[in-house]
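Inside the fold
Residue-level listing of the chains:
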Amino acid sequence: MSLASSWSLPLLRTFFKARGANLSVAKRNTQHINKNNSTASRFLSQFSTPSQRNAEKRGQVFIVGAGPGDAELLTLKALRLLQQADIVLFDALVSEDILALIPQAVAKEYVGKRCKKHSFTQDAICKRVVELAGMGRTVVRLKGGDPALFARTCEETDALTKAEIPFAIVPGITAASGVSAYTGIPLTDRRCAQSVSFMTAHFKNADQWPEMASMAQSVLKHTMVVYMGLSRLEGLCRGLVNHNVPRAWPVAAIENATTPGQRMITGTLADIHSKVNAANLTGPTLLIFGKVVESRQQVNTLLLHSSEHAATI
């Protein structure tokens, strides 16, 4: 070993040992700074505004069925989402009892549409849902009945898809099922109706009417439930009679189904319109055409509205 190497090697070892110690100190200092920064960030976040915090998270939308009216017919999933939402956009068919289940801390916005009383266009509703989710909020779009039936759900989900906002759909009990249970009118009966169809009396074109010839053929064979048909009841009955459906064919009109204010009027194609006029039905009304109206079961609705045997969730 040369003289140079005999003294340089220990010197190099000492140098790198000291350098390593300095690096360790620097590493610990960096970790300490990062820890302090993280603590500071958490501390400062307590003073940030809700809009600032919402902007940091990704928005999401839940399209939820509110059912036909009775708050106890909500699904457990729907109830949980209402409690966890940042904001709930609800329509005209959502009952006050259901709205009362939404916590006060959750914001609520009415975006309802009613016949001849449209307070919001569908385009405006779509834009509002996208806007709120774009702000990072968890949005519940609460629709009466079930989102899959006559709820214009596809128009809203198309807007969300274009905006790349994640969404999910939560089913609800549709009005026809609620009406059947709370009136005792079965939707099918093997003695007279082996199938049931759901239809709407209103289309995107407000002047368009259902095809009465095919409707008449259907109503003679099975049950037909018409949503949003109250304002067109007289025309529907006249059209069916004109297409050879007997004037004595049974019809039922049910207003405010599943709620304590439920009212049911039964009659025939010949007289149901005058009976409904005399009763002055004005609330959401479902129409049932078919022999099943004569198969009505004598259910006791007092049992359905009694809380005596209700379990606490």
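Structure's up top.
Since the structure is predicted, the reported quantities are computational estimates derived from the model, not experimental observations. (Residues numbered from 1 in each chain as written. Predicted model: local features only at pLDDT ≥ 70, side-chain atom pairs only at ≥ 80, totals over all residues. Heavy atoms only, no water.)

As for the sheet that holds strand E6 (residues 196–200)
Spatially, E6-E7-E10-E8-E9 is the arrangement adopted by the 5 strands of the open sheet, whose pairing is mixed. Both outer strands of the open sheet, E6 and strand E9 (263–268), are each paired with one neighbouring strand and no more. Neighbour to neighbour, the strand axes of the sheet diverge by 20 degrees on average, direction disregarded. Direction of pairing for strand E8 (residues 250–255) relative to strand E10 (residues 285–289): antiparallel, over a ladder of 5 bridges. Of the residues in E10, the one forming a bridge with Ala 253 is Leu 287. The strands that helix H7 (residues 175–183) touches are E6, strand E7 (223–227), E8, E9 and E10; relative to E10, the one it contacts most, it runs at about 75 degrees. Contacting E8 and E9, helix H10 (residues 272–279) runs over the sheet at an angle of about 155 degrees to E9. (Pairing = 2+ DSSP bridges. Helix = DSSP H or I, 4+ residues; strand = E, 2+ residues; numbered from the N terminus. Axes fitted to C-alpha atoms, helices over the stretch in contact; angles between N-to-C directions. Contact = heavy atoms within 4.5 Å.)

Quick word on the pattern of salt bridges
Scanning all chains against the criterion turns up 9 salt bridges. A salt bridge links Glu 234 to Arg 238; its shortest N-O distance comes to 3.5 Å. Note that Glu 234 and Arg 238 are positioned in helix H9 (residues 233–242) at a spacing of 4 residues, about one turn of the helix. We classify Glu 234 as partly exposed; its relative accessible area is 39%. (Salt bridge = Lys/Arg side-chain N within 4 Å of Asp/Glu carboxyl O. Buried < 20%, exposed > 50% of the residue type's maximum accessible area, 1.4 Å probe, protein only.)

Quick look at the packing of H9 against H10
Packing of H9 against H10 leaves a shortest axis separation of 9 Å and a crossing angle of 170 degrees. When the axes of H9 and H10 are compared, the pair comes out roughly antiparallel. Crossing handedness for the pair H9 and H10: right-handed. Facing Leu 233, Glu 234 and Cys 237 of H9, the residues of H10 in contact are Ile 272, His 273 and Val 276. Along the lines of polarity and charge, the residues of the contact of H9 with H10 split into 4 nonpolar, 1 polar and 1 charged. (Parallel < 35°, antiparallel > 145°, perpendicular 65-115°, else oblique. Left-handed = near helix turned anticlockwise from the far one by under 90°. Nonpolar A, V, L, I, M, F, W, Y, C, P; charged D, E, K, R; others polar.)

Focus: the pairing of E8
For E8, the buried fraction is high: 6 of the 6 residues fall into the buried class. Side chains Pro 250, Ala 252 and Ile 254 project from E8 onto one buried face, and the interleaved Val 251, Ala 253 and Glu 255 project onto a second face that is buried too. Strand direction decides the pairing type here: E8 and E9, joined by 6 bridges, are antiparallel. Across the sheet, Glu 255 pairs through a bridge with Arg 263, a residue of E9.

Structural notes on helix H5 (residues 122–134)
In an α-helix, one turn spans 3.6 residues; hence positions three or four apart end up facing the same way. Its 13 residues place the ends of H5 18 Å apart at the C-alpha level, agreeing with the 18 Å of an ideal helix rising 1.5 Å per residue. Turning to H5, its buried residues number three or more, namely Gln 122, Ile 125, Cys 126, Val 129, Leu 132 and Ala 133. The buried residues of H5 all sit within an arc of 140 degrees when viewed along its axis, so they share a single face. Every exposed residue of H5 that faces more than 90 degrees away from the buried side is listed here: Asp 123, Lys 127 and Gly 134. Against strand E1 (60–65), strand E2 (87–90), strand E4 (138–143) and helix H6 (153–162) lie the buried residues of H5. Among the residues trailing H5, Gly 136 stands out with phi positive, at a value near 90 degrees. (Expected span 1.5 Å × (residues − 1). Arc of directions from axis to C-beta.)

A closer look at the environment of Gly 235
Structurally, the position occupied by Gly 235 is in helix H9. Taking the C-alpha atoms as reference, Gly 235 lies 9.4 Å from His 273; in sequence the two are 38 residues apart.

Notes on the sheet that holds E4
What the 5 strands build is an open sheet, ordered E3-E2-E4-E1-E5; its pairing is parallel. Strands with a single pairing partner mark the edges of an open sheet, and in this sheet they are strand E3 (107–110) and strand E5 (167–170). On average, each strand axis in the sheet is tilted by 20 degrees relative to the strand beside it, whichever way the strands run. Two strands pair when backbone bridges link them, and E2 and E4 are joined in this way by 4 bridges, in the parallel orientation. Within E4, the position partnered with Ile 87 by the bridge is Val 139. Along the sheet face, helix H3 (residues 76–84) touches E1, E2, E4 and E5 and points at about 135 degrees away from the line of E1.

Quick notes on the environment of Gly 134
Relative to the helices and strands, Gly 134 is located in helix H5. Overall, Gly 134 belongs to the exposed group, its relative accessible area being 61%.

A short note on a nonpolar patch on the surface
Together, Phe 150, Val 196, Phe 198 and Met 228 make up a nonpolar patch on the protein surface, roughly 300 Å² of accessible area in all. Relative to the helices and strands, Phe 198 resides in strand E6. On the basis of relative accessibility, which here comes to 30%, the residue Phe 198 falls in the partly exposed class. (Patch = residues over 30% accessible without salt bridge, like charges linked within 9 Å, V, L, I, M, F, W, Y side chains within 5 Å. Areas by Shrake-Rupley, 256 points an atom, 1.4 Å probe, with all protein chains shown as cover.)

What to know about the pairing of E10
With 5 of its 5 residues buried, E10 lies for the most part within the structure. Taking every second residue as pointing to the same face, both faces of E10 are buried, with Thr 285, Leu 287 and Phe 289 on one and Leu 286 and Ile 288 on the other. Two elements, E7 and E10, share 3 bridges in a ladder whose sense is antiparallel. The residue bridging Val 225 from the neighbouring strand is Ile 288, located in E10.

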